[in-house]
Amino acid sequence: MILRKSMSLLLFLAAFSFVKAQEIPVNYSLGENNSDRHKFSTVLSIDADNTDKTVIVRTYYGGMPLRPKGHFIELYDADLNLIEDYNNKYAGQYMVDGFIRNGQLYLLELRYDDLKFAYEYVVHHSPIGEFNFTEKILLSVPSKEVANPLAVNKYNRKFGNGFSTAVHFNKEKTAFGITIQHRKGKNENYSMYVFGTDLKKQIEYDFTAETQDKNYAFENIEVSKDLKTVYFMGKAFFKKKRIEAKERRFQYELVRVTNQGHKIQEFADVGRYPESLKPIAIGNELVVIGFYADRKDNRYNGLVHFNLNPTSLSILSKKYNPFSKQFMADKFGREVDAQIKNLIFKDVHITPQKNIIFSAEEYFVTTGKESGTNRKVEKFHYNDIVCAKLSSDGSMKWARNINKTEVTLGDEAYASYSAYGHNEDMYFFINSRENPQKLSNERIMFKQGFSRNPNMFVIKMDASGNLSHKKLIDDKEVRLPIMVSRPLMNHDTDELVFYAKRGTKKQLVRVEVGRASGEPSK
């Protein structure tokens, strides 16, 4: 009997532990190591043109204190060789993003025009390789100037400054939505726009009537293929409703918008509190996935799946899937009634069998003091990865937790992770110290490295939810930190291109997914 129990325990632990895999089908190649003239910079965008050139746009900084001075543009060929660069000395006021369409590079900016007393969304565009930028004004909104016009922290929005705007791109980067909330005299206005990345305006809609009783903080969007319908998902905060102790002051809502009108679907089941919801168009279907809590304190209890009519937004079916024993064992080493919160949606992959694999990250911000001073600084925490697989009808096949801990004061591109779906498998790329830390019950934790050049690890989650990992790139081989959460993904070739940079040195790293060592590329 004792032997049988011991064997059962070993099998139980083996089911929940990581297996260090020697043969995960992921390879990499390195570009040349280049010198760089701009020591302080952040990546605004990384994209590819139709000739397989990788185009990186960086905002560079100078002066004391550091402030944006311009944008440095780099072009790399298919072999990761730097072939051209260009210094665009226009820094801009609030640079939002960059993208490529039909051989043109576009840089999207929000700026304030002191002469017009208005905020403007402006696109600076140039043919790739010629770099002769011209600008086009997309929108102009009369308003007083405010301190923080961009809703950069979409999970803690403030609505009282008179002007607030946000930009959301769809996953394919074929379109982007703009929401603008502003005061016009005593009246408050809320406008929605959708532009294709060819800069053609597809939707313009006045959403003001719905904002009389609620403030909307949208978190993500889904756009139809013809760009004529957009789905905004986010939190609706009650303005005037009396909130009782057992209620939250917001609820998640999905807003369907066309030029002809809008529809709203509220997610407010009694005793259920949805979190981090994401709309996804799968063929002709519209589904919403995310997490839910049984209590208003955001302690997540499981995964939720809604199937909606894409036109009326009526809920056709819904499933609440509690976290499994396996998930709790992954995270805590045993099944306990512990807190699971601060999960932020990151990525979704629709498998060939129409299953849904999505991931989220345990993310939160704390305030501390800078070393040796009394100056307050914000610390950004990027902790555990949650990954779950749902069938097409919303039933949970499995949910796993990857233990990870990172904190940064600066550029988040080096922290967090990137996820890539291939067939029925999911791959995660993270930076970590030399060896993961061993935890109780045969678990491990990936921790931030002490060195300046952390190792890149790959974690594979197969179709059955089994986990394996290996160190992909050694810190002695690539002697630069890799921007692990900002890759360029090519789903046609199953390749990711990562940017590595520190100080005056830079390098590209290409990762190939789904091919064993020595297997030819597609």
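> Please give an account of the pattern of salt bridges that cites residues and values.
Scanning the entire structure with this criterion turns up 28 salt bridges. Its salt-bridge partner being Asp-330, residue Arg-400 comes within 2.5 Å of it at the nearest N-O pair. Here Arg-400 is found in strand E27 (residues 396–402), whereas its partner Asp-330 is found in helix H2 (residues 325–332), with 70 residues between them in sequence. Residue classification places Arg-400 among the buried positions, given a relative accessible area of 1%. A residue is classified by how much of its surface remains accessible, and Asp-330, at 2% relative accessible area, is buried. One salt bridge in this structure joins Lys-471 and Asp-474, with 2.8 Å as the shortest N-O distance. For Lys-471, a relative accessible area of 28% gives the class partly exposed. Each of Asp-36, Arg-58, Glu-74, Lys-501 and Lys-506 takes part in one network of salt bridges that share partners.

> Tell me about the sheet that holds strand E13 (residues 175–184), residues and numbers included.
Spatially, the four strands line up as an open sheet ordered E12-E13-E14-E15, and their pairing is antiparallel. In this open sheet, the two strands that pair with only one neighbour each are strand E12 (163–169) and strand E15 (201–206). Across this sheet, the average inter-strand angle for adjacent strands is 15°, counted without regard to direction. Note that E13 and strand E14 (residues 187–196) share 10 bridges and pair antiparallel. By the bridge assignment, Phe-176 is partnered in E14 with Phe-195.

> Run through the packing of aromatic side chains, naming residues and quoting values.
Counted under the stated rule, the structure contains 28 aromatic pairs. A ring pair is formed by Phe-237 and Phe-250, whose centres lie 5.4 Å apart and whose planes are at 50°; its orientation type is tilted. Taken together, the residues span a long stretch of sequence, with Phe-237 in strand E17 (residues 230–238) and Phe-250 in strand E18 (residues 250–258) at a distance of 13 residues. The interplanar angle of 85° and the centroid separation of 6.1 Å between the aromatic rings of Phe-306 and Tyr-320 together place this pair among those described as edge-to-face. Of this pair, Phe-306 sits in strand E22 (residues 300–308) while Tyr-320 sits in strand E23 (residues 315–322), and the two are 14 residues apart along the sequence. For Tyr-320, a relative accessible area of 18% translates into the label buried. One aromatic cluster is present, built from ring pairs that chain together Phe-291, Tyr-300, Phe-323, Phe-327, Phe-345 and Phe-358. Here the guanidinium or amino end of Lys-235 rests over the ring plane of Phe-250, the centre of that ring lying 4.7 Å away. When the ring centre of Tyr-417 is taken as origin, the NZ or CZ atom of Lys-346, which lies over that ring, is 4.9 Å away.

> Any chance you could break down the pairing of E12 for me, citing the residues and the numbers?
Of all seven residues making up E12, seven are buried, and the element is well covered by its neighbours. The two faces of E12 match: Phe-163, Thr-165, Val-167 and Phe-169 on one face and Ser-164, Ala-166 and His-168 on the other face are all buried. Sheet analysis places E12 next to E13, joined by seven bridges and oriented antiparallel. When the bridges of E13 are listed, Val-167 appears paired with Ile-178. The loop that links E12 with its antiparallel partner E13 comprises five residues; one of these, Lys-173, has a positive phi angle of about 55°.

> Mind laying out the sheet that holds strand E4 (residues 41–48), listing which residues take part and the relevant values?
Read across the open sheet, the four strands follow the order E4-E5-E6-E7; overall the sheet is antiparallel. Looking at which strands have only one partner, the edges of the open sheet turn out to be E4 and strand E7 (82–88). Looking at each pair of strands side by side, their axes are set apart by 20° on average, direction ignored. In this sheet, E7 lies alongside strand E6 (residues 67–76) in antiparallel orientation, the contact comprising six bridges. Counted as the bridge partner of Tyr-76 is Leu-82 from E7.

> Describe the side chain of Ser-276, and please don't skip the residues or the numbers.
Mapped onto the elements of the fold, Ser-276 is located in strand E20 (residues 273–282). The class of Ser-276 is buried, set by a relative accessible area of 6%. At 2.7 Å, the side chain of Ser-276 forms a polar contact with the backbone oxygen of Leu-343. Contacts of Ser-276, omitting those with residues within four sequence positions, involve Glu-219, Tyr-252, Ile-289, Gly-290, Phe-291, Tyr-300, Leu-343, Ile-344 and Phe-345.

> An account of the nonpolar core is needed here, citing residue identities and associated values.
Leu-108, Tyr-121, Leu-138, Leu-139, Phe-176, Ile-178 and Ile-180 are the most contacted members of the largest nonpolar core, which has 22 residues in total. Broken down by secondary-structure element, the contributors of at least two residues to this core are strand E9 (104–113), strand E10 (118–127), strand E11 (134–142), E12, E13 and E14. Looking at which element gives the most residues to this core, the answer is E9, with four residues. Grouped together as the second largest cluster of nonpolar side chains are 21 residues, Val-287, Leu-343, Ile-356 and Ala-399 included.

> Explain the pairing of E10 residue by residue, including any values.
Counting buried positions along E10 yields nine of 10 residues, so the element is predominantly enclosed. Bridge analysis of E9 against E10 gives 10 bridges, and the strand direction is antiparallel. Across the sheet, residue Leu-105 finds its bridge partner in E10, namely Ser-126. Here E9 folds back onto E10, and the loop between the two strands holds four residues, one of which, Phe-117, carries a positive phi near 50°. Pairing geometry for E10 and E11, over eight bridges, is antiparallel. Bridge assignment links His-124 to a residue of E11, and that residue is Glu-135. Counted along the chain from E10 to the antiparallel partner E11, the turn is six residues long, and its residue Gly-129 has a positive phi close to 100°.

Conventions we followed
- Residues numbered from 1 in each chain as written.
- Predicted model: local features only at pLDDT ≥ 70, side-chain atom pairs only at ≥ 80, totals over all residues.
- Heavy atoms only, no water.
- Salt bridge = Lys/Arg side-chain N within 4 Å of Asp/Glu carboxyl O.
- Helix = DSSP H or I, 4+ residues; strand = E, 2+ residues; numbered from the N terminus.
- Buried < 20%, exposed > 50% of the residue type's maximum accessible area, 1.4 Å probe, protein only.
- Pairing = 2+ DSSP bridges.
- Axes fitted to C-alpha atoms, helices over the stretch in contact; angles between N-to-C directions.
- Phe/Tyr/Trp six-rings, centres within 6.5 Å; stacked < 30°, edge-to-face > 60°.
- Lys NZ or Arg CZ within 6 Å of the ring centre and 35° of its normal.
- Polar contact = N/O pair within 3.5 Å; in protein donor to acceptor, adjacent residues only side chain to side chain.
- Contact = heavy atoms within 4.5 Å.
- Core = buried A, V, L, I, M, F, W, Y, C linked by side-chain atoms within 4.5 Å.

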